[in-house]
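Single-letter residue listing:
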Amino acid sequence: QATRRGFAVNCQETEDGTVQITHASGLVKGMVVVFITLPRVAAAVVLLWLGCRWLSATESFTDVVLNCLALGFILDLNSLLYRTVMPRRNIV
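Residues numbered from 1 in each chain as written. Predicted model: local features only at pLDDT ≥ 70, side-chain atom pairs only at ≥ 80, totals over all residues. Heavy atoms only, no water.

(A) Seen up close, a nonpolar patch on the surface. On the surface, Phe7, Leu27, Met31, Val32, Val33, Val34, Phe35, Ile36 and Leu38 cluster together into a nonpolar patch covering about 790 Å² of accessible area. For the nonpolar patch, the element with the highest residue contribution is helix H1 (residues 26–56), accounting for 8 residues. (Patch = residues over 30% accessible without salt bridge, like charges linked within 9 Å, V, L, I, M, F, W, Y side chains within 5 Å. Areas by Shrake-Rupley, 256 points an atom, 1.4 Å probe, with all protein chains shown as cover. Salt bridge = Lys/Arg side-chain N within 4 Å of Asp/Glu carboxyl O. Helix = DSSP H or I, 4+ residues; strand = E, 2+ residues; numbered from the N terminus.)

Structure, rendered in structure tokens:
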């Protein structure tokens, strides 16, 4: 258990050696929402809007297919970077 100025997180080690969070204070949950969830949702909405505008402006079918592949790569870039940069033992 780690407690510091209202930050409370309880962790428990499982049988396979991984650490599982069993409890988090309201402050920690709020910070996760504000600093992780909301920016990710905002980025997804902006990419959805721009991607739809970009695809609708494409004139030929082959360009639509290529633009769809490029947009899919942009959407997967976050997870590709995560798996590349993080050590295997830290990947969830």
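That shown, we press on.
(B) Representation of the side chain of Thr58 in the model. Assignment of secondary structure puts Thr58 in the loop between H1 and helix H2 (61–85). Within the structure, the side chain of Thr58 is placed 2.8 Å from the side chain of Asn67, a separation counted as a polar contact. (Polar contact = N/O pair within 3.5 Å; in protein donor to acceptor, adjacent residues only side chain to side chain.)

(C) Structural detail: the packing of H1 against H2. Put simply, H1 and H2 touch, their axes get as near as 11 Å, and they point 170 degrees apart. The orientation of H1 relative to H2 falls into the category roughly antiparallel. Judged by residue contacts, Arg40, Leu47, Gly51, Trp54 and Leu55 of H1 engage Val64, Asn67, Cys68, Ala70, Leu71, Ile74, Leu75 and Asn78 from H2. For the contact of H1 with H2, the per-class residue count stands at 9 nonpolar, 3 polar and 1 charged. (Axes fitted to C-alpha atoms, helices over the stretch in contact; angles between N-to-C directions. Parallel < 35°, antiparallel > 145°, perpendicular 65-115°, else oblique. Contact = heavy atoms within 4.5 Å. Nonpolar A, V, L, I, M, F, W, Y, C, P; charged D, E, K, R; others polar.)

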